[in-house]
Amino acid sequence: MNEFIAGLPKCELHLHIEGTLEPSLKAELARRNKLDLEFRSYEFDDLTSFLAVYYEGMQVLRTEPDFYDLAMGYLRKAASQNVRYAEIFFDPQAHTSRGVPFSVVIGGLRRALLDAEKQLGVRAQLIMCFLRDFQAEYAMATLLESLPYKEWIIGVGLDSDEKGNPPAKFAAVYERARQEGYLLTMHCDVDQDNSIEHIRQAIQDIGVDRIDHGVNILEDQKLVEEILAKGIGLTCCPISNGVVTDSMKAEGIRKLLDLGVRVTINSDDPAYFPGYVQENLAALNLSREELLQVERNAFEIAWLPRHVKDAYLAELESYGAA
Ligand code: ADE
Ligand code: ZN
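How each quantity is defined
Residues numbered from 1 in each chain as written. Chains lettered and ligands numbered in written order. Predicted model: local features only at pLDDT ≥ 70, side-chain atom pairs only at ≥ 80, totals over all residues. Heavy atoms only, no water. Phe/Tyr/Trp six-rings, centres within 6.5 Å; stacked < 30°, edge-to-face > 60°. Helix = DSSP H or I, 4+ residues; strand = E, 2+ residues; numbered from the N terminus. Buried < 20%, exposed > 50% of the residue type's maximum accessible area, 1.4 Å probe, protein only. Lys NZ or Arg CZ within 6 Å of the ring centre and 35° of its normal. Lys, Arg positive; Asp, Glu negative; His and termini not counted. Salt bridge = Lys/Arg side-chain N within 4 Å of Asp/Glu carboxyl O. Contact = heavy atoms within 4.5 Å. Axes fitted to C-alpha atoms, helices over the stretch in contact; angles between N-to-C directions. Parallel < 35°, antiparallel > 145°, perpendicular 65-115°, else oblique. Pairing = 2+ DSSP bridges. Near = heavy atom within 4 Å. Polar contact = N/O pair within 3.5 Å; in protein donor to acceptor, adjacent residues only side chain to side chain. Areas by Shrake-Rupley, 256 points an atom, 1.4 Å probe, with all protein chains shown as cover. 1 Å grid on protein atoms, 1.4 Å probe; cavity = no way out; pocket = protein on both sides within 12 Å on 5 of 7 lines; lining within 4 Å. Points joined across faces, edges and corners; volume = space filled by probe spheres on them. Nonpolar A, V, L, I, M, F, W, Y, C, P; charged D, E, K, R; others polar.

Caption draft 1: Local environment of the packing of aromatic side chains. In this structure the tally under the stated criterion is 17 aromatic pairs. For the pair Phe44 and Phe273, a centre-to-centre distance of 6.1 Å together with 85° between the ring planes defines the contact as edge-to-face. Of this pair, Phe44 sits in the loop between helix H2 (23-32) and helix H3 (47-57) while Phe273 sits in the loop between strand S9 (262-265) and helix H13 (277-283), placing them 229 residues apart in sequence. Judged by relative accessible area, which is 14%, Phe44 ranks as buried. Among the residues examined, Phe273 registers a relative accessible area of 4% and is labelled buried. With a centroid separation of 6.1 Å and 75° between ring planes, the pair formed by Tyr54 and Tyr272 is classed as edge-to-face. In this pair, Tyr54 is assigned in helix H3 and Tyr272 in the loop between S9 and H13, connecting sequence segments 218 residues apart. A connected cluster of aromatic rings, assembled from ring pairs, spans Tyr42, Phe44, Phe50, Tyr54, Tyr55, Tyr272 and Phe273. Between Lys26 and the ring centre of Phe39, over which it is positioned, the NZ or CZ distance is 4.9 Å.

Caption draft 2: Summary view of the side chain of Asp268. Within the fold, Asp268 resides in the loop between S9 and H13. Within the buried set, Asp268 has no salt-bridge partner at all; the shortest N-O distance to an opposite charge, 11 Å, is to Arg132. Filtering out sequence-adjacent residues up to four positions away, Asp268 remains in contact with His14, Leu15, His16, His187, His213, Cys237, Ser240 and Phe273.

Caption draft 3: Region of the structure containing the packing of helix H12 (residues 250-258) against helix H14 (residues 288-301). Running from N to C, H12 and H14 cross one another at 75°; their axes reach a closest spacing of 11 Å. In terms of their interaxial angle, H12 and H14 are classed as roughly perpendicular. From H12, Arg254, Leu257 and Asp258 reach across to H14, where they touch Glu290, Gln293, Val294 and Asn297.

Caption draft 4: Main features of the sheet that holds strand S7 (residues 210-213). Across the sheet, four strands lie side by side as S6-S7-S8-S9; this open sheet has parallel pairing. Of all strands in the sheet, those with a lone pairing partner are strand S6 (187-188) and S9, marking the two edges. Sheet topology note: the strand S8 (residues 233-236)/S9 ladder contains four bridges and is parallel. Note that in S9 the partner of Gly233 across the bridge is Arg262.

Caption draft 5: Structural view of the site of ligand 1. Ligand 1 sits among His16, Leu47, Phe50, Leu51, Tyr54, Asp159, Ser160, His187, Asp189, His213, Asp268 and Asp269. At a separation of 2.8 Å, a nitrogen atom of ligand 1 approaches a polar backbone atom of Ser160. Within the side chain of Asp269, one N or O atom sits 2.7 Å away from a nitrogen atom of ligand 1. For ligand 1, whose free accessible area comes to 260 Å², the fraction covered by protein is 100%.

Caption draft 6: Representation of empty space enclosed by the protein within the structure. The full count for this structure, using the stated rule, is one cavity of 30 Å³ or more. Residue lining of the largest cavity: 17 residues in total, with His16, Leu47, Phe50, Leu51 and Asp269 positioned closest to the centre. Of all elements in the fold, only H3 and helix H11 (238-244) reach the threshold of two or more residues within the lining of the largest cavity. The leading source of residues in the lining of the largest cavity is H3, at five residues. Looking at side-chain class alone, the lining of the largest cavity contains seven nonpolar, five polar and five charged residues.

Caption draft 7: The pattern of salt bridges, seen in detail. Per the stated rule, a full pass over the model turns up 22 salt bridges. Here Asp66 and Arg32 are joined by a salt bridge, their closest N and O atoms 2.9 Å apart. With Asp66 in helix H4 (residues 64-80) and Arg32 in helix H2, the pair connects residues that are 34 residues apart, well separated along the chain. A relative accessible area of 33% means that Arg32 is categorised as partly exposed. The closest approach of N and O atoms between Asp69 and Arg32, which form a salt bridge, is 2.6 Å. Of the two residues, Asp69 is situated in helix H4 and Arg32 in helix H2; the sequence distance between them amounts to 37 residues. Residue classification places Asp69 among the partly exposed positions, given a relative accessible area of 26%. Each of Glu28, Arg32, Asp66 and Asp69 takes part in one network of salt bridges that share partners.

Caption draft 8: The arrangement of the sheet that holds strand S2 (residues 83-90) in detail. Strand order in the open sheet formed by five strands is S1-S2-S3-S4-S5, and the pairing between neighbours is parallel. Lying at the two open borders of the sheet, with one neighbouring strand each, are strand S1 (10-16) and strand S5 (183-184). Bridge count for S1 against S2 is five bridges, and the pairing is parallel. In the sheet register, Glu12 faces S2, and the bridge partner there is Ala86. Along the sheet, helix H8 (residues 171-179) contacts strand S3 (123-131), strand S4 (153-159) and S5; its crossing angle with S4, the most-contacted strand, is approximately 170°.

Purely spatial values, then, with no claim about function.
Set out below in structure tokens:
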């Protein structure tokens, strides 16, 4: 089965580029930037404790080449796992709040995406996430700051600590993002306080195109029917779930897949959780047909023109047939 998964043409839709910062690159960047930082060990068991380690680690990212190397490192790994297309989250506020200019962050990431497409044959696009534990006004300012780079950003997301930070807090930011032509997704992390109400707000009040995580939707039959009718997909991350909650939520993910929800399997923060998309797909003991369906779902809900999706879907079907 590992061999079947290895050859599967893959689409990754939930990947935080800062979450791909492997300890070896962190050490190299600390040396390069002459930083004498102490890092706590990778000990976390929920979202809040994970985020503390995650934000601490990314302080080594300072210059355009740092962001280039980070993204290029991920894209090399992705290519080695036959990821054909990726939508990559980045957290500009985690850098601008430390004095790193927006242009430096996006400049390095963008250059890596262009090189990866040419050199590795992996296509990727960027999704800009707002940090939900900062004020909505800062998210709005970040949205405005992104506008000169609009051509390089396919959509917006919402991440960081969900506790006390519901989707509704960012309604005006999302409305403006939609007006600017960005596609919309947001995290509805697993087993949060008010998970179901947050999922409802995301779907009904914000009008998202996708939801990141979102497995708690199973607790509300009507909402499941609504996402089925609207074709809204979920970007699930089993290994991440296994670290920050009590389980990988494998049963729930499978149930959603059985119900026909457009479930996808992704890696979230693979340097931390740990496991890239190959390992996440392997973690669930899915059948070949289920694995093919997961990747069908992913290419189907990807933010790509129809003819590009169709080319990837054809590649997937010919792999399945062979
Ligand atoms: N930032 C990086 N990974 C995240 C996750 N899984 N949930 C919320 N915010 C994040
Ligand atoms: Zn995430």
